[in-house]
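# Breakdown of the fold
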Amino acid sequence: MFRTALRNVLAHKARLLMTVLAVMLGVAFVSGTLVFTSTVSDAFQSSSQKGFDNVDVAIQRHSSDPAAGAPGASGAPGAPSPLDQKLLDKTARLPGAASATGTVSGFTAIADKSGKLIGDGFTTRGSNYFPGKDGKDARYPMRDGAAPKGADQFALDAHTADRAGYKVGDTVRISVDGPVREQKLTGVFTTDDGTVAAGGSLALFDTASAQKMFATPGEFSEIDVKAAPGTSQTALKDAVEKVLPKEGAEATTGKQLADDQAKMIAQSMDGMKTGLLAFAGIALFVGVFIIANTFTMLVAQRTKELALLRAVGASRRQVTRSVLIEASVVGAVAAVTGLVAGIGIGAGLRALMSSTGAKVPDGPLVISPSTILTSLLVGIIVTVLAAWLPGRRAAKIPPVAAMNSVHATATTKSLVVRNTIGALFAGVGTAAVLVATGMSDGKATMAAGAALLLIGVFILTPLLSRPLIALAAPVLRMFGISGVLARQNAVRNPRRTAATASALMVGLTLITGLTVIAGSVQQGIDKMATASLKADYVVSMASRTPLSPDVAKKIAGLDEVTASSPLRNSPSRIGTGTEYLTGVNGKDFGKLTALDFTSGSLGTLGGDRAVVDDGTAKEKGWHTGSRFPVTFEDGKQGTLTVAGVYQGNEMIHGIILDNATLAPHQKHATDMQVMVKTKDGATAASKDKLVTALGKNPAITVADKKDVSNAIAQVFTLMLNMLYGLLAMAVIVAVLGVINTLAMSVFERAQEIGMLRAIGLDRRGIKRMVRLESLVIALFGGVLGIGLGVFFGWAAGELIGGSLPTYQLVLPWGRMGVFLAMAAVVGVLAALWPARRAARLNMLQAIKAE
């Protein structure tokens, strides 16, 4: 039986080609994902490891401190920073310590020669140059020039300097928290810093200047201790812990930091890996239909052969085993070719990232044994499982019945059982989805219901194919006898038509559902942004880091500005937990926002009056008139009164009070953004005046409501395009399925096609018949997919609406029309080769064929 199975594979290699391609694409997606994520993760881990070469023990703010690491934050309310010069000197004098380095860092925007921001967001950093006894900082060896020594000097990493074309002596425009600074470039250095290796930028200032920019004079964000020869990291850590203050600081070994960093990198890559593997799984799932369809058709075409095997003594188990052996061979070939293709995909994705500006540190291509094993197992197991049911059906064919009929039709009982099971699955799934829409946390219920409904539709697709395809009959009649034959061929074997259409249906269901959800969420957020804001502009840092209060002062002093308010956050202690207070300009805040109050009102914020979002009020048990104690950032205590409760949203929420009340308690005041209203409204001239007044700062964005809307649209468009690209693999696999089914159908109906040619149907008519059949099957799958996608999109939107009050269902009719047209194009393209093959059949040889 093993030799028989191998001979069958070789005899039907042309018919199995599409199956191999379908499995190969899925496996290539899997192996490419594993190779790509492993390579990138290994490169980043190696790069970050180099960054800890000079760190044996690091002293950091305690991780439980809510303000740990925040620029300029003073930590828990009332607590001074424990990382000061005194602690630095103590650690430097410890036995076993070779040196101690104080570090302070934060966001630093650097403009290129055209005034645009170099880098993006958090990848643009600034830090301090900390010279040792020899006057040099071992972390940052200077390639050109010298280290910065004054408030108007800085050094820049070599990669950024080369990219921007800067040289020692140039004057460069930079920004840390808003105002533009013009600094002299005194040095260009090389570094193993992981952020720079990944394409970011790093600017260095002298320690005193960096402390003023990023923290408080005399304070550090981290102290790194280098061990003396012969001292282990653990021993040094024990010594350091003895001189640490009782609260607010902790010591960690360099090895632990490197391990934690590697773990964080691995976790960040896990998200990408999971997402890519999910789409690979979808492609393989679609491939299952092709595999099952191919082997079902092969078994039907070899019915007499299988019956003869049974007649000469082969058992049912042996017949099933022979089909599974064929599937194993096909799966193994597909897995090996898919693995090789996947390695190429992994290398290509890395090169693509680099070409788009997302720099990846240098490193080898990582092909782990687990990647090879996973790829091979996925290819073989998926193919064997998909072929199991056709193999089981083959074993059940009675030898005598098989000798009498080439095509064994399904019994009435089996169809009734199938349709009953399908109806139950679809009914239960639909009910679960509908119930989930009314639940506060119905994600799990909805996911289970969607899975059951999808399975139910799969099972019912043969039943649905006849009435839905019959709807196309009037149109098909316009193509004469070719159209009539195409419709009859499409419904002749409903199971085969269903399996072919289902492959396309899966991809279109996901694409349509995601499009509906994304479009509806985008409009909901857009509506929320425009409804809650009366301000003409929102000014913020491009990196979403804090703004200097000087920006708000400069804006408030402009003649064209009628109202403005900075939004300022400050940690506080309320009860046993930490809550962030939001400070605003109480006089103008009502002119800049349109909050919807459920009780009380905004009035004029001032004194101890505060307004609270409904979520916080419900959690704390507050209502209008409630008074609650608060411990401010500087440790002083006070009492605030709830003047009103408003409906919070993603843009405005939390406890809001007047800056005049909050500012005296802040040690280092910073603003998250500034809302602005001008005399002439949101006009190009007003925006230009604001941009010019702020020094045409590349680090600051001035956004009106349209800009906010465009930013939201850009995010969703980018996300959708990425998802479309990933789901395209599933559609390609579905196309292979249509080609495969039609090609095998042409072979199966060779005698019939020969008779049609003999009685007068010309080659053009044969081609038209096959193309129309393919078109009808593709449109059938497209209609089902789009219908299910709209239903799932609506259901998911009902859940989203609970957390996004402005959510409103938007049906993208234009895009859905494009999707249906794409399904039609898929059908036409998939039929090109089978139709050509059918038209070129020799009619006499076809008539003689069995």
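Coordinates for the structure precede this section.
First, a word on what this report is: a plain description of the structure on this page. Since we're looking at a predicted model, the values are computed, not measured.

## Looking at the overall build of the chain
- When its secondary structure is counted, the chain shows 28 helices and 22 strands.
- Dimensions of the chain along its principal axes, counting C-alpha atoms only, are 95 × 70 × 50 Å.
- A buried classification covers 49% of the 850 residues belonging to the chain.
- Sequence-distant contacts in the chain: of pairs separated by 6 or more residues, those separated by 24 or more amount to 81%.
- Distance from the positive charge centre (84 side chains) to the negative charge centre (61 side chains) of the chain: 16 Å.

## Topic: the pattern of salt bridges
- Across all of its chains, the model carries twelve salt bridges by this definition.
- As a salt-bridge pair, Arg492 and Glu752 come within 2.8 Å of each other at their nearest N and O atoms. With a gap of 260 residues between them, Arg492 in helix H16 (residues 481-492) and Glu752 in helix H24 (residues 750-758) connect regions that are remote in the sequence.
- With a relative accessible area of 45%, Arg492 lands in the partly exposed category.
- Here the salt bridges do not stand alone but share partners, grouping Arg143, Asp144 and Asp162 into one network.

## Observations concerning the packing of helix H25 (residues 763-800) against helix H26 (residues 813-830)
- Contact pair H25 / H26: the axes reach a minimum separation of 8 Å and the direction vectors enclose 150°. Judged by the inter-axis angle, H25 sits roughly antiparallel to H26. Remark: the crossing between H25 and H26 carries right-handed chirality. For the pair formed by H25 and H26, the contact residues are Ser774, Leu775, Ala778, Leu779, Gly782, Val783, Ile786 and Val790 on the first element and Met816, Phe819, Leu820, Ala823, Ala824, Gly827, Val828 and Ala830 on the second.
- Broken down by class, the residue content of the contact of H25 with H26 amounts to 13 nonpolar, three polar and no charged.

## Focus: the packing of aromatic side chains
- This structure, assessed with the given rule, holds eight aromatic pairs.
- Considering the side-chain rings of Tyr140 and Phe189, the 5.4 Å spacing of their centres and the 65° angle between planes classify their relative orientation as edge-to-face. Of this pair, Tyr140 sits in the loop between strand S5 (124-129) and strand S6 (142-145) while Phe189 sits in strand S9 (residues 180-189), and the two are 49 residues apart along the sequence.
- A connected cluster of aromatic rings, assembled from ring pairs, spans Phe154, Phe205 and Phe214.

## Focus on the nonpolar core
- Core analysis: the biggest nonpolar cluster contains 65 residues, and Val286, Leu504, Val733 and Leu788 have the highest contact counts within it.
- Going through the elements one at a time, helix H2 (13-50), helix H8 (254-301), helix H14 (443-470), H16, helix H17 (494-532), helix H23 (705-748), H25 and H26 are the ones with two or more residues in this core.
- The element that contributes the greatest number of residues to this core is H23, accounting for twelve residues.
- Those residues in contact with Val286, other than ones at most four positions away along the chain, are Ala503, Val506, Ala730, Val733 and Ala734.
- Core analysis: the next-biggest nonpolar cluster, separate from the first, contains 20 residues, Leu156, Ala164, Ile174 and Leu185 among them.

## Some remarks on the sheet that holds strand S2 (residues 97-103)
- Taken together, four strands build an open sheet; the order of strands is S2-S11-S1-S12 and the sheet is antiparallel. In this open sheet, the two strands that pair with only one neighbour each are S2 and strand S12 (249-253). Strand-to-strand twist of the sheet, defined as the mean angle between neighbouring strand axes without regard to direction, takes the value 20°.
- Note that S2 and strand S11 (residues 222-227) share six bridges and pair antiparallel. Residue pairing in the sheet places Thr103 in a bridge with Glu222 of S11.
- In the packing of helix H3 (residues 85-92) onto the sheet, the strands contacted are strand S1 (57-61), S2 and S11, and the crossing angle to S2 comes to about 160°.
- Running at roughly 170° to S12, helix H7 (residues 233-241) makes contact with S1, S2, S11 and S12 of the sheet.

## A few points about helix H6 (residues 207-214)
- Across the eight residues of H6, six count as buried, placing the element largely inside the fold.
- For H6, the complete set of buried residues consists of Thr207, Ser209, Ala210, Gln211, Met213 and Phe214.
- Looking at the buried side of H6, the elements it contacts are strand S3 (105-107), S5, S9 and strand S10 (201-206).

## Describing the packing of H24 against H25
- Close contact between H24 and H25 brings their axes to 10 Å; oriented N to C, the two are set at 140°. The pairing of H24 with H25 is recorded here as oblique in orientation. Here H24 runs over H25; the crossing is right-handed. Here Ile753, Leu756 and Arg757 of H24 come into contact with H25, specifically with Arg763, Ile766 and Met769.

## A short note on unusual backbone geometry
- The phi dihedral of Lys696 falls on the positive side, at around 45°, and the residue is not glycine.
- By secondary structure assignment, the location of Lys696 is in the loop between helix H22 (684-693) and strand S22 (700-703).

## A short note on the pairing of strand S14 (residues 561-574)
- Burial within S14 is extensive, with eleven of its 14 residues counted as buried.
- Pairing of S14 with strand S21 (residues 673-678), which is carried by six bridges, proceeds in the antiparallel orientation. Residue Ala563 lies in a different strand from S21, and its bridge partner there is Lys677.
- Both S14 and strand S15 (residues 577-584) contribute to a ladder of seven bridges, which runs antiparallel. Bridge pairing in S15 links Arg573 to Thr578.
- Two successive antiparallel strands, S14 and S15, enclose a turn made up of two residues, where Gly575 displays a positive phi of approximately 70°.

## What to know about the side chain of Ser686
- Position of Ser686 relative to the elements: it lies in helix H22.
- What Ser686 contacts, discounting residues up to four positions off in sequence, is Tyr537, Thr678, Asp680 and Gly681.

## Overview of the pairing of S9
- In terms of strand pairing, S6 meets S9 through three bridges, oriented antiparallel. Counterpart to Asp144 in the pairing with S9 is Val188.
- Examined bridge by bridge, strand S7 (residues 153-157) and S9 share five bridges and lie parallel to one another. Bridge assignment links Phe154 to a residue of S9, and that residue is Leu185.
- Examined bridge by bridge, strand S8 (residues 171-175) and S9 share five bridges and lie antiparallel to one another. Opposite Thr171, over in S9, you have Lys184 as the bridge partner.

About the cut-offs
- Residues numbered from 1 in each chain as written.
- Predicted model: local features only at pLDDT ≥ 70, side-chain atom pairs only at ≥ 80, totals over all residues.
- Heavy atoms only, no water.
- Helix = DSSP H or I, 4+ residues; strand = E, 2+ residues; numbered from the N terminus.
- Buried < 20%, exposed > 50% of the residue type's maximum accessible area, 1.4 Å probe, protein only.
- Contact = heavy atoms within 4.5 Å.
- Lys, Arg positive; Asp, Glu negative; His and termini not counted.
- Charge placed at Lys NZ, Arg CZ, Asp CG, Glu CD.
- Salt bridge = Lys/Arg side-chain N within 4 Å of Asp/Glu carboxyl O.
- Axes fitted to C-alpha atoms, helices over the stretch in contact; angles between N-to-C directions.
- Parallel < 35°, antiparallel > 145°, perpendicular 65-115°, else oblique.
- Left-handed = near helix turned anticlockwise from the far one by under 90°.
- Nonpolar A, V, L, I, M, F, W, Y, C, P; charged D, E, K, R; others polar.
- Phe/Tyr/Trp six-rings, centres within 6.5 Å; stacked < 30°, edge-to-face > 60°.
- Core = buried A, V, L, I, M, F, W, Y, C linked by side-chain atoms within 4.5 Å.
- Pairing = 2+ DSSP bridges.

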